Amino acid sequence: MTDVVRNRFILLAAFGSAALLLGAFAFQHLGGLAPCKMCLWQRWPHAAAVLIGAAALATRGPALPALGALATLTTAVIGGYHMGVEYGWWEGPASCSGGSGLGGMSGTDLLSMGGPTGVVMCDEIAWQMLGLSMAGWNMLASLGLALFWGLAARRG
């Protein structure tokens, strides 16, 4: 019976990561919201969690569920950091945040850059619901998924 419960937790966690990935791709390809650099960073741990889930269903023990928890906690941390950048709580990477990176440039320098480069800014909220951005929702959902992974690991 323990294996059945463990596998259900693994399925919930892995399918949760898959659903979040599919949602991100839907916002991108159907909704027209191009991802920023940090949005892409948040996708990789979810992809890893899906693969870990497949492997964990084929094996026993707590190691793979613990690794799945680490993957979802990683994307939760990235999502929390990204949310803080979006809400201006701290600065984000210079490569995708407005910040003060252009402050020392003259008008001529700015004009010589050749216009928009297609970079999506990490410090701009593209979509939000109930006051939380997609990064914030990813953080909350990922923390919940980490709980499922943790419960699976305990039953390992």
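Data block above holds the structure.
Residues numbered from 1 in each chain as written. Predicted model: local features only at pLDDT ≥ 70, side-chain atom pairs only at ≥ 80, totals over all residues. Heavy atoms only, no water.

> Let's hear about the environment of Leu73: which residues, and what values?
Inspection of the secondary structure assignment puts Leu73 in helix H3 (residues 63-86). Counting along the chain gives 73 residues from Leu73 to Ala146, while the straight-line C-alpha distance between them is 6.1 Å. Setting aside residues no more than four positions away along its own chain, Leu73 makes contact with Leu143 and Ala146. (Helix = DSSP H or I, 4+ residues; strand = E, 2+ residues; numbered from the N terminus. Contact = heavy atoms within 4.5 Å.)

> Describe the side chain of Gln42, with residues and values.
When you line up the elements, Gln42 lands in helix H2 (residues 37-58). When its relative accessible area of 6% is taken as the criterion, Gln42 is described as buried. Here His82 takes part through its side chain, which lies 2.9 Å from a polar atom of the side chain of Gln42. In contact with Gln42, other than residues within four places in its own chain, are Thr75, Ile78, Gly79, His82, Ala135 and Asn138. (Buried < 20%, exposed > 50% of the residue type's maximum accessible area, 1.4 Å probe, protein only. Polar contact = N/O pair within 3.5 Å; in protein donor to acceptor, adjacent residues only side chain to side chain.)

> Quick rundown of the environment of Leu22? Include the residues and the values.
Structurally, the position occupied by Leu22 is in helix H1 (residues 2-29). A relative accessible area of 60% places Leu22 in the exposed class. Residues Leu22 and Arg43, 21 residues apart in the sequence, show an inter-C-alpha distance of 9.9 Å.

> Explain the state of the cysteines to me, using residue names and the numbers behind them.
Going through the model one piece at a time under the given rule, you end up with one disulfide. The partner cysteine of Cys96 in its disulfide is Cys122, sulfur to sulfur 1.9 Å. Judged by the sign of its S-S torsion, about -105°, the bond between Cys96 and Cys122 is left-handed. Taken together, the positions of Cys96 in the loop between H3 and helix H4 (107-111) and Cys122 in the loop between H4 and strand S1 (128-129) put the pair 26 residues apart, joining distant regions of the chain. (Disulfide = S-S within 2.5 Å.)

> Let's hear about H2: which residues, and what values?
Note on helix geometry: an α-helix contains 3.6 residues per turn, so any two residues three or four positions apart are oriented the same way. Relative to the 32 Å expected for 22 residues at 1.5 Å per residue, H2 spans 33 Å between its end C-alpha atoms, a close match to the ideal helical length. Every buried residue of H2 is accounted for by Met38, Gln42, Arg43, Pro45, His46, Ala49, Ile52, Gly53 and Ala56. Among the structural elements, H1, H3 and helix H5 (134-154) are those in contact with the buried residues of H2. (Expected span 1.5 Å × (residues − 1).)

> Residue-level account of the pattern of salt bridges, with values.
What the rule picks out here adds up to one salt bridge. The partner of Arg60 in a salt bridge is Asp3, and the shortest N-O contact between them spans 2.8 Å. In this pair, Arg60 is assigned in the loop between H2 and H3 and Asp3 in helix H1, connecting sequence segments 57 residues apart. Relative accessible area serves as the criterion here: at 28%, Asp3 is assigned to the partly exposed category. (Salt bridge = Lys/Arg side-chain N within 4 Å of Asp/Glu carboxyl O.)

> Describe the environment of Lys37, naming the residues involved and giving the relevant values.
With respect to the helices and strands, the residue Lys37 is situated in helix H2. Overall, Lys37 belongs to the partly exposed group, its relative accessible area being 35%. It is 9.2 Å that separates the C-alpha atoms of Lys37 and Pro93, two residues lying 56 residues apart in sequence. Setting aside residues no more than four positions away along its own chain, Lys37 makes contact with Ser95, Cys96 and Cys122. Polar side-chain contacts of Lys37 include one of 2.6 Å to the side chain of Ser95.

> Mind laying out unusual backbone geometry, listing which residues take part and the relevant values?
One non-glycine residue, Leu130, adopts positive backbone phi at about 55°. If you trace the backbone, Leu130 turns up in the loop between S1 and strand S2 (132-133).

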